[in-house]
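# Breakdown of the fold
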Amino acid sequence: MADPFEILEVDSEADDAAIDQAYRRRVMETHPDQGGSARAFQRVKEAYEAITAMRTGEDAPEAVDDEEDDDGHHDAGARVEYLNYEVIADRGWSIDDDGLFAAAADAGLDAEDYGEFRVEPGETLLEAAENRGFAWPYACRGGACANCAVAVVEGEMTVPIDHVLSREMTERGIHLSCIGAPATAEMQVVYNVKHMPELDELRLPAYRFERTQSVD
């Protein structure tokens, strides 16, 4: 691999915060959705992992052959019940409330705010939402920000490489929908949790306007 600091375009003496910022910027610049290439995007991720390994004394993860990767997705797909965090905030509810989704089901909410869809094997949660006509928030699509974060209330998600969320957050069930997928056949998730105060500093400016939502 070329010099990872050159790939991230950051000085080798930069502190951890500067390296994190450089990683997020380079992810945005190289992502295929923003005109980059899959290879450039992967090189940025590998460079960040290499720098992290240098600074922690751990071995850098080896590159994974996509064809042989066991991604942990639930083999038969999953049914996901979703709820918009803005509804929770507007109604004074809490993610930790017992019967949260039962209350949402009885509230007569629009499909944008509450409902369910199916995630097929091989889809991330964000991809599944978009493929079913939903406009869930995102920015980098590469696990470098918290714009696409969701809170898992019931069930489990895969948690691949995540350099953004703290262990405390993931233990609370906060995960990134752009890189995570259901690991159980049934899930309840709150999306749009980027508005939670503790995620303020982990957001990036969105690269698109939200499209008009259409639900079959």
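- Looking at an unreviewed UniProt entry, one finds the protein named Ferredoxin and attributed to Haloplanus rubicundus.
- The Cofactor (unreviewed entry) field of the UniProt record for the protein holds the comment "[2Fe-2S] cluster".

### Brief notes about the overall build of the protein
- Along its length, the protein carries 7 helices and 5 strands.
- When the helices and strands of the protein are read in sequence order from the N terminus, they spell out α-α-α-β-α-α-β-α-β-α-β-β.
- Relative to its 216 residues, the protein shows a buried fraction of 46%.
- If you take every contact in the protein between residues at least 6 apart in sequence, the share linking residues at least 24 apart comes to 68%.

### Comments concerning the pattern of salt bridges
- Across all of its chains, the model carries 12 salt bridges by this definition.
- Its salt-bridge partner being E120, residue R118 comes within 3.9 Å of it at the nearest N-O pair.
- Accessibility expressed as a relative area gives 38% for R118, which makes it partly exposed.
- Within this structure, E9, R25, R26 and E29 form a network of salt bridges that share partners.

### A look at the sheet that holds strand β5 (residues 186-191)
- Pairing is mixed in the open sheet, where 5 strands are placed in the order β2-β1-β5-β3-β4. Both outer strands of the open sheet, β2 (114-119) and β4 (174-176), are each paired with one neighbouring strand and no more. Direction aside, neighbouring strands of the sheet carry axes that sit 35 degrees apart on average.
- Strand direction decides the pairing type here: strand β3 (residues 149-154) and β4, joined by 3 bridges, are antiparallel. Looking across to β4, one finds that A151 is bridged to I174.

### What to know about a negative patch on the surface
- A cluster of acidic side chains, namely E86, D90, D110 and E112, defines a negative patch on the protein surface.
- Secondary-structure assignment places E112 in the loop between α5 (100-105) and β2.

### Considering the confidence of the model for the protein
- Confidence in the prediction of the protein, expressed as mean pLDDT, is 83, and 83% of residues score 70 or more.
- Taken as a whole, residues 60-71 scores under 50 in pLDDT and shows 8 contacts with residues more than four places along the chain or in a different chain.

### Describing the environment of I51
- Counting through the fold element by element, I51 comes out in helix α3 (residues 38-56).
- Judged by relative accessible area, I51 falls into the buried class, the value being 1%.
- Taking the C-alpha atoms as reference points, I51 and I19, 32 residues apart in sequence, are found 8.6 Å from one another.
- Setting aside its immediate chain neighbours within four residues, I51 contacts P4, F5, L8 and I19.

### Concerning the nonpolar core
- If you look at the biggest cluster of nonpolar residues, it comprises 43 residues, and the most contacted ones within it are F117, W136 and L199.
- Elements with a minimum of two residues in this core: β1 (78-84), α4 (85-91), α5, β2, α6 (125-131), β3, β4 and β5.
- Judged by nonpolar contacts, the second largest core, of 20 residues, contains V10, A14, V44 and L204.

### Things to note about unusual backbone geometry
- You will see that R141, though not glycine, has its phi angle at about 60 degrees, which is positive.
- Within the element layout of this structure, R141 appears in the loop between α6 and β3.
- Of note, N192 is a non-glycine position whose phi angle comes to about 70 degrees, a positive value.
- Within the secondary structure layout, N192 lies in the segment after β5.

### Examining α3
- For α3, built from 19 residues, the straight-helix expectation of 27 Å at 1.5 Å per residue is met to within 8% by its first-to-last C-alpha distance of 27 Å.
- Within α3, the full set of buried residues consists of F41, V44, K45, E46, A47, Y48, E49, A50, I51 and A53.
- Where α3 is buried, its residues meet α1 (4-8) and α2 (16-30).

Cut-offs used in this document
- In this numbering scheme, every chain counts its residues from 1 along its sequence in written order.
- Local features in this predicted model are restricted to residues whose pLDDT is 70 or higher, and side-chain atom pairs enter the listing and the counts only when it is 80 or higher, whereas totals over whole chains, interfaces and linings include all residues.
- Note that the side-chain values use all heavy atoms of the structure and ignore hydrogens as well as water.
- UniProt positions are given in the numbering used here, feature names are shortened, and annotations may be inferred rather than shown by experiment.
- By definition, any uninterrupted DSSP run of H or I lasting at least four residues is a helix, any uninterrupted run of E lasting at least two residues is a strand, and each is numbered from the N terminus.
- Categorising residues by exposure relies on relative accessible area from a 1.4 Å probe, with only protein chains included: less than 20% of the type maximum marks a residue as buried, more than 50% marks it as exposed, and the intermediate range marks it as partly exposed.
- Residues count as neighbours in contact if any of their non-hydrogen atoms are within 4.5 Å of one another.
- A pairing counts as a salt bridge when a side-chain nitrogen of Lys or Arg comes within 4 Å of a carboxyl oxygen of Asp or Glu.
- Strands were regarded as paired on the criterion that DSSP finds at least two bridges between them.
- A fitted line through C-alpha atoms represents every axis, and for helices the fit uses only the stretch in contact; the resulting angles, taken between N-to-C directions, go from 0 to 180 degrees.
- Patch membership needs two things, relative accessible area over 30% and no salt bridge, and members are linked within 9 Å if like-charged or within 5 Å if nonpolar (Val, Leu, Ile, Met, Phe, Trp, Tyr).
- Using a 1.4 Å probe, accessible areas were evaluated by the Shrake-Rupley method; residue-level cover was limited to the displayed protein chains.
- None of His or the chain ends enter the tally, which takes Lys and Arg as positive and Asp and Glu as negative.
- Charge positions come from single atoms, namely NZ of Lys, CZ of Arg, CG of Asp or CD of Glu.
- What pLDDT reports is the predictor's confidence in each residue, on a scale of 0 through 100.
- In this description, a nonpolar core means a group of buried Ala, Val, Leu, Ile, Met, Phe, Trp, Tyr and Cys residues linked to one another through side-chain atoms lying within 4.5 Å.
- Each residue after the first adds 1.5 Å to the expected span of a helix.

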